[in-house]
Amino acid sequence: MKEAIRLTNKTAIALRKSAQKIRTAYFAAAVIVSVLLGAAGIVLGFMWLWAVPLMIAAIAVIDCALMTASRSRYLSLLGQAICTEAAARELRTDRSEQKRRRQAASDLMRVKADMQETMNRQPGAQPFFEEKDDEDEPEDETPMAVAQDHASTDAPRRRRRQSPLTLIRSEQAK
């Protein structure tokens with residue numbers, strides 16, 4: 001199960017590599033301590049026979065302590081790497097959200113400018129999103145007749161920018 005968690009952030013990758021180096025260093029230290037204590041057990045065994053089982057027990061206890069410390073430090077650094085990656089992803093989504101908002105604001109400004117330009121070209125035109133005063137509208141014109149009059153003018157056709165399909169996950173919907 002090596003490389004099970006995919007990290008893309010440079011800091012997170014560096015933390016994972018550091019965790020692997022620390023785990024390897026602890027393992028090497030355990031091997032070196034075991035060999036030295038084993039040699040000391042052999043030397044002391046010639047003088048006192050009970051020194052050999054005591055040294056073997058000491059080797060087992062020290063190896064367990066080193067491996068537990070190694071595992072603890074490795075998991076701690078790996079957890080930091082995962083948190084760093086999650087924070088980087090959140091920052092990227094915040095940046096893309098800000099970019100989307102800026103794009104929406106600029107689109108709105110372009111639409112308003114376009115509507116203003118259209119109003120300047122057609123002296124009697126009114127924007128569809130503003131309320132009309134009932135007193136300004138002649139009695140004999142119905143909304144259908146006004147719509148037909150506006151449809152018959154030679155206004156240039158504009159294409160609206162299509163926004164891409166956006167999927168909303170359950171966390172984003174909140």
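All chains use their own residue numbering, which begins from 1 and follows the written sequence. Residues qualify for local features only when their pLDDT is at least 70, as the model is predicted, and side-chain atom pairs are given and counted only at 80 or more; totals for whole chains, interfaces and linings, by contrast, use all residues. Side-chain calculation: all heavy atoms of the structure are included, whereas hydrogens and water are not.

Undergrad: How should I be thinking about the overall build of the protein chain in this particular structure?
TA: Each helix corresponds to a stretch of at least 4 residues labelled H or I by DSSP, and each strand to a stretch of at least 2 residues labelled E; elements are numbered beginning at the N terminus. Each helix and strand counted, the protein chain has four helices and zero strands in total. Buried residues are those whose accessible area, probed at 1.4 Å on protein chains only, stays under 20% of the maximum for their type, while exposed residues exceed 50% and partly exposed ones sit between those limits. Here the protein chain, with 174 residues, has 16% of them falling under the buried criterion. Working rule for contacts: check all heavy atoms of both residues, and any pair within 4.5 Å makes them a contact. Residue pairs in contact within the protein chain that sit at least 24 positions apart in sequence constitute 68% of those at least 6 positions apart. About 14700 Å² of surface is accessible on the protein chain, with carbon and sulfur atoms providing 60% of the total. Accessibility throughout is a Shrake-Rupley quantity obtained with a 1.4 Å probe, and a residue counts as covered only by protein chains that appear here.

Undergrad: Honestly, helix α1 (residues 10–47) in this entry has me stumped. Any pointers?
TA: Because each turn of an α-helix spans 3.6 residues, side chains separated by three or four positions end up pointing in the same direction. A helix is expected to reach a length of 1.5 Å times the quantity of its residues less one. Here α1 spans 56 Å end to end across 38 residues, near enough to the 56 Å set by a 1.5 Å rise per residue. Every buried residue of α1 is listed here: Ala 12, Leu 15, Arg 16, Ala 19, Ala 30, Ser 34, Leu 37, Gly 41 and Gly 45. The secondary structure elements touched by the buried residues of α1 are α2 (51–121).

Undergrad: Honestly, the packing of aromatic side chains in this entry has me stumped. Any pointers?
TA: Here a ring pair, both rings aromatic, is described through the centre-centre distance and the interplanar angle of the planes. Side-chain rings of Phe, Tyr and Trp, where Trp is taken by its six-membered ring, are said to pair if the distance between their centres is within 6.5 Å; with planes under 30 degrees apart they count as stacked, over 60 as edge-to-face, and otherwise as tilted. Within the structure shown, the criterion is met by zero aromatic pairs. A ring is scored as having a charge over it whenever the NZ atom of a lysine or the CZ atom of an arginine sits within 6 Å of its centre and within 35 degrees of its normal. Lying over the aromatic face of Tyr 74, Arg 23 brings its terminal NZ or CZ to 4.2 Å of the ring centre.

Undergrad: Which parts of the structure should I look at to understand the environment of Val 33?
TA: Tracing the backbone through its elements, the reader meets Val 33 in helix α1. Taking the relative accessible area as the measure of exposure, Val 33 reaches 28% and is therefore partly exposed. Each C-alpha atom of the pair Val 33 and Asp 63 lies 8.1 Å from the other, and the pair is 30 residues apart in sequence.

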